[in-house]
Each structure stands twice: as structure tokens, then as C-alpha cells.
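Observations on chain architecture
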Amino acid sequence: MKDIFTEADELAAGGRMDDYGTPEASHARIAAMWSVVFGVEVEPYQVAQAMVAFKLCRAIASNKRDSYVDLVGYA
């Protein structure tokens, strides 16, 4: 089995990037949308920080590998 870091890197640089674009572009789009939704300026790095918090909450609720893989990817 791959280690979590290798799996996160392969997902970010491969399949997910093919589906969603680069992490930088994806986080910029999300930040723009969240800025409208929340009425405050959200930066791409804050999207990554929020997603880390989200994945930590999921990991607390359910100890599943994919939460940790995603957590590493966002971190």
C-alpha cells in the first residue's frame, strides 16, 4: 500500500488535476465564490486552511484513510 504522502501527491498532480485544474486555480475559483457567499474577501490560501479544518473534522468523526490523504494534499 502506498504511503499517504505519495497517494496525496499522485492525486493532486494527476487525476484530480485532470478533473479540476491545478490546486492554485481551483483554490482561486473557490476563494472567489466564497468571497461572494460570505461577503468578505477570501484568499486561496484560506481555502486550503479551511479544507484542512474540514478534513480534520471528518477524521475525528470517522477514521478513514481518504480524509488523511486529502488532509495531506491540502496541507
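Preceding this paragraph is the structure being described.
Residues numbered from 1 in each chain as written. Predicted model: local features only at pLDDT ≥ 70, side-chain atom pairs only at ≥ 80, totals over all residues. Heavy atoms only, no water.

Quick look at the overall build of the protein chain
Looking only at helices and strands, the protein chain features five helices and zero strands. Along the protein chain, from the amino end to the carboxyl end, the secondary structure elements read α-α-α-α-α. Taking the principal axes of the C-alpha coordinates as reference, the protein chain spans close to 45 × 30 × 15 Å. Put simply, 34% of the contacts in the protein chain that link residues at least 6 apart link residues at least 24 apart. (Helix = DSSP H or I, 4+ residues; strand = E, 2+ residues; numbered from the N terminus. Contact = heavy atoms within 4.5 Å.)

A few points about the environment of Pro 44
Looking at the secondary structure, you find Pro 44 in helix 4 (residues 44-61). On the basis of relative accessible area, Pro 44 is assigned to the partly exposed category, the value being 30%. The contact partners of Pro 44, leaving out residues within four places of it in the chain, are His 27, Ala 28 and Ala 31. (Buried < 20%, exposed > 50% of the residue type's maximum accessible area, 1.4 Å probe, protein only.)

Regarding the pattern of salt bridges
Summed over all chains, the structure comprises two salt bridges. A salt bridge links Arg 65 to Glu 7; its shortest N-O distance comes to 2.9 Å. Residue Arg 65 is located in helix 5 (residues 65-74), and its partner Glu 7 is located in helix 1 (residues 4-13); the two are separated by 58 residues in the primary sequence. (Salt bridge = Lys/Arg side-chain N within 4 Å of Asp/Glu carboxyl O.)

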